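# Examination of the molecular architecture
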Amino acid sequence: MKIWDPLHECMPREDLEQLQLEKLQATLNRVHKNVTYYRKTFTELDIIPEDIQSLSDLTRLPFTTKNDLRLNYPYGMFAVPLREVVRIHSSSGTTSKPIVVGYSKNDIRAWSNLVARFMSAAGVTRDDLVQIAFLYGLYTGAFGLHYGTEAIGASVIPMSTGNTEKQVMILQDYRATVLVCTPSYAVALADYMERHGIDAKGLTLRVGLFGGEPWSEKLRAEIEDRLAITAMDNYGVSEVMGPGIAGECQCKNGMHIFEDAFLPEIIDPKTGAVLPPGSVGELVLTTLAKEAFPMIRYRTGDLTSLDYGPCPCGRTMVRMKKTMGRSDDMLIIKGVNVFPSQIEEVIFTISQERPPHQLVVSRRGAMDTLEVLIEVTEKFFALDFQEQLAVLNLMKKRIRSVVGIDATLRLVEPKSLPRSAGTVIRVADNR
Ligand code: DLL
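Here we summarise the structure given alongside this text. Along each chain, the written sequence defines residue order, and numbers are assigned to residues from 1. Reporting in this predicted model follows two pLDDT cut-offs: at least 70 for local features of residues, and 80 or more for side-chain atom pairs to be given and counted; totals over whole chains, interfaces and linings ignore these cut-offs and use all residues. With hydrogens and water stripped out, all remaining heavy atoms of the structure feed into the side-chain values.

## Points about unusual backbone geometry
Put simply, the rule is: For helices the rule is a DSSP run of H or I covering at least 4 residues; for strands it is a run of E covering at least 2, with both sets numbered from the N terminus onward. Residue exposure (1.4 Å probe, protein chains only): buried if accessible area is under 20% of the type maximum, exposed if over 50%, otherwise partly exposed.
The step from Y73 to P74 runs through a cis peptide bond, and the omega angle for that step is -10°. The phi dihedral of S160 falls on the positive side, at around 65°, and the residue is not glycine. Relative to the helices and strands, S160 is located in the loop between β4 (155-157) and α7 (164-173). Residue classification places S160 among the buried positions, given a relative accessible area of 15%. The phi angle at A228 is positive, at roughly 55°, despite the residue not being glycine. Structurally, A228 can be placed in the loop between α9 (217-227) and β7 (230-237).

## Points about the packing of helix α10 (residues 340-351) against helix α12 (residues 385-403)
The following threshold applies: With axes taken as lines fitted to C-alpha atoms, and helix axes fitted only over the stretch in contact, angles between N-to-C directions fall between 0 and 180 degrees. Each angle gets one of four labels, with under 35 degrees taken as roughly parallel, over 145 as roughly antiparallel, 65 to 115 as roughly perpendicular, and the rest as oblique. Handedness of a crossing follows from how the near helix is turned relative to the far one, being left-handed for an anticlockwise turn of less than a right angle and right-handed for a clockwise one. When checking whether two residues touch, look at their non-hydrogen atoms; a contact exists if any pair is within 4.5 Å. Gly counts as polar in this scheme, as do all residues outside two lists: the nonpolar Ala, Val, Leu, Ile, Met, Phe, Trp, Tyr, Cys and Pro, and the charged Asp, Glu, Lys and Arg.
Two elements in contact, α10 and α12, have axes whose closest approach is 9 Å; the angle formed by their N-to-C orientations is 140°. Here α12 runs oblique to α10, going by the angle between their axes. Viewed along their axes, α10 and α12 form a crossing whose handedness is right-handed. Taken together, the residues of α12 that come into contact with α10 (itself represented by Q342, I343, V346, I347, T349, I350 and S351) are V391, L394, M395, R398, I399, V402 and V403. Across the contact of α10 with α12, the residue classes break down as ten nonpolar, three polar and one charged.

## Some words on the side chain of R297
The condition that has to hold: Under the rule applied, a polar contact is a pair of N or O atoms within 3.5 Å (in protein, one hydrogen donor and one hydrogen acceptor; residues adjacent in sequence only if both atoms are side-chain atoms).
Structurally, the position occupied by R297 is in the loop between β11 (281-287) and β12 (298-304). Note on R297: relative accessible area 3%, which makes it buried. A polar atom in the side chain of R297 sits 2.7 Å from the backbone oxygen of L61. Among the polar contacts made by the side chain of R297, one reaches the side chain of E265 at a distance of 2.8 Å. Beyond its immediate sequence surroundings of up to four residues, R297 is in contact with L58, T59, L61, P62, F63, T64, E265, V274, V284, L285 and T286.

## Examining the site of the ligand
The condition that has to hold: A molecule or strand has a residue near it when one of that residue's heavy atoms lies within 4 Å. The domain boundaries here were taken from an automatic or database domain assignment.
Near the ligand there are 23 residues, and of these D233, N234, S238, D302 and N337 occur at the shortest range. Separating an oxygen atom of the ligand from a side-chain N or O atom of Y139 is a distance of 3.4 Å. Separating a nitrogen atom of the ligand from a backbone N or O atom of N234 is a distance of 2.6 Å. Mapped by element, the contributors of at least two residues to the shell around the ligand are α6 (140-152) and β7. Top contributing element to the shell around the ligand by residue count: β7, with five residues. Of the residues belonging to the shell around the ligand, the class tally is eight nonpolar, ten polar and five charged. Domain assignment of the residues forming the shell around the ligand places at least three in each of domain 1 (1-326) and domain 2 (330-429).

Laid out in structure tokens, this is it:
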């Protein structure tokens, strides 16, 4: 199996650490010079980039959180002038405002190569036809995989999301060999084919590259069986780059993090202390090569552990386990990141009050559903039926535009939602 960039992917760890340190120092100089936020936080701690003389010195620097990015909305964290930025993407923030991320020309080139690495590791070659069923738009998933496919020299079928009937027709008629989407959409495709009597074994599909949301080994086995493919996992975070941070090799024993481009740490989410190798904790990533949007110690919120043991594939890069949950309250619904605070803000913006409410997340067949239960308040009760309906409709529309998914809204009796120590349990995730 081809290793896309053996020089870096198989680098002896001692050399890798030296390279990481050099790149870290260059990144720190860049952010200190160009990003007011970082200059200010470093100054407050009385640190200059030259103080960081070893990789372990990194712990002297503060974390960057989604909230820091929100406070610097939209372009405050950019380390290059906007004219150097050739692409803008975004990811969900904790409020109605998204996080804006930027890429320079070199960043796009680096991104393409990093995605090509995990695609090659998963077995994709230039002979493949790659059907990309991620949303083309501000989401990083589709463009990232698109660039990786082009870098490899395989053919891109930029199908985007939705329209399952057409997806299946294209899988059949264009003879796609690689499918790119969320694992739950892969299940939806399998369901559709089953319902329509289409035998997946008759397709040319052989590999699936799935990411963007957590999925289990059990689901992997199900997808592999039902679609008659090899299903491979890859991980990414938009604020750090998008897909291309980590991906599985044929050993399917954790996702190799491309450590020449990202420096991973595992921390205790409560204390922020760095945990010893092998511990489960929150993944923190520092970018080592990004120009437009470098991130120092970005808290991903994902709980995982790192395995530094050798991998039979020959790559020396550390492997992260499948994620084991979140350290914050972010939900991933239909592959979309959702924060309960976003929904609360919508309810408040429209009703000018904060009624007790609960998000109920369920799975119907392969698809996630979101229901928002809102306790009727006096103010709401005073409205007639038509007016109540209009308010709910407005909220539904705004949730769709802010969060990007459809929710069902339902009014419930006052004090009927389950409570713990007097406060409503904000989320019921029944998946
Ligand atoms: O989901 C980037 C991406 C797109 C990665 C396509 C892979 C494929 P965000 O929308 O910023 O970026 O969401 C990032 O999604 O913090 C994880 O919680 C979750 N996530 C992404 N990939 C995986 C995965 C993209 N393979 C958030 N396993 C992350 C588990 C994943 N969770």
